[in-house]
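The chain contents come next:
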Amino acid sequence: KENVTDYELGRTLSERYGAKVFVDNNANAAAVGCYMSQDEYDSVVLYTQQTGYLVGGQGAVVDGHLLKGRKNFAGEIGPLFRAMHAIGDGERDWDLAWSAEGMRSLVAPMLAANVSLLAPDAIYLAVDLLDDMDALREAMEPYFYGDLKQYIPDLIRVTDYRERIALGELALCLQKLANPRPHRKH
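Everything numeric in this text was worked out from a predicted model, so none of it was measured.

Some points on the packing of helix H5 (residues 100-118) against helix H6 (residues 133-140)
Following both chains from N to C, one finds H5 and H6 inclined at 65°, their axes separated by 8 Å at the closest point. Put simply, H5 runs roughly perpendicular to H6. Judged by the sense of rotation from one axis to the other, the crossing of H5 with H6 is right-handed. When H5 is examined against H6, the residues Arg104, Val107, Ala108, Leu111, Ala112 and Val115 are found in contact with a partner set consisting of Ala135, Leu136, Ala139 and Met140. Split into classes, the residues belonging to the contact of H5 with H6 amount to nine nonpolar, no polar and one charged.

Spelled out as structure tokens, the structure:
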């Protein structure tokens, strides 16, 4: 059985239809869309988490460049969080992912890790259960001691996630067409 991360959808579609096809991770595309839709921030993170899930996905644009890494995995914070906190081992953890308060308690430490690792100017959040950015900021504050709270970036709720993906995918396609680079095998 082939792993979905190893399946080369773009190559398959390109061969079948005889056209250039570009495929990107949805969170990466949305991060680029968030970056492209503003002119205030140099570095942004787009974090997305579905209701009922313990961890989410994310994309990061740092100093105007999308972080991709090996197999587009750069910026994915879920495995780090799982390793640090061994989440998912009890029913209590799963219950957290179904309420705003519980989701805040899951997301806040992941965002704090983001701030430490990537130091973004803003974090865009596509998390249905989180609409109160002030409450989320308060939930993040205990992870920062002393004057480090100043590094908590702007938190911006995303209500048009699919539009951000479309904008980001368009920008990434235009970039690839303007500056093609041979495919590298990792």
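A closer look at helix H7 (residues 161-178)
The end-to-end C-alpha distance of H7 is 26 Å, a good match for the 26 Å that 18 residues give at a rise of 1.5 Å each. Buried within H7 we find Tyr161, Arg164, Ile165, Gly168, Glu169, Leu172 and Cys173. Along the long axis of H7, the arc covered by the buried residues comes to 165°, so they all point the same way. Every exposed residue of H7 that faces more than 90 degrees away from the buried side is listed here: Glu163, Leu170, Leu174 and Ala178. Buried residues belonging to H7 abut helix H2 (26-36), strand S1 (44-48), strand S3 (65-66) and strand S4 (122-126).

A few points about H5
Taking 1.5 Å per residue, 19 residues should reach 27 Å; H5 reaches 25 Å between its end C-alpha atoms and fits that length. Along its length, H5 reaches its greatest deviation from straightness, about 25°, at Val107, and the proline Pro109 lies no more than four positions downstream. Within two residues after H5, Ala119 carries a phi angle of roughly 50°, on the positive side.

A look at the side chain of Asn114
Tracing the backbone shows Asn114 in helix H5. Setting aside residues no more than four positions away along its own chain, Asn114 makes contact with Val45, Gln58, Ile77, Ala119, Pro120 and Ile123.

Criteria and thresholds
- Residues numbered from 1 in each chain as written.
- Predicted model: local features only at pLDDT ≥ 70, side-chain atom pairs only at ≥ 80, totals over all residues.
- Heavy atoms only, no water.
- Axes fitted to C-alpha atoms, helices over the stretch in contact; angles between N-to-C directions.
- Helix = DSSP H or I, 4+ residues; strand = E, 2+ residues; numbered from the N terminus.
- Parallel < 35°, antiparallel > 145°, perpendicular 65-115°, else oblique.
- Left-handed = near helix turned anticlockwise from the far one by under 90°.
- Contact = heavy atoms within 4.5 Å.
- Nonpolar A, V, L, I, M, F, W, Y, C, P; charged D, E, K, R; others polar.
- Expected span 1.5 Å × (residues − 1).
- Buried < 20%, exposed > 50% of the residue type's maximum accessible area, 1.4 Å probe, protein only.
- Arc of directions from axis to C-beta.
- Bend = angle between axes of the 7 residues up to and from the residue.

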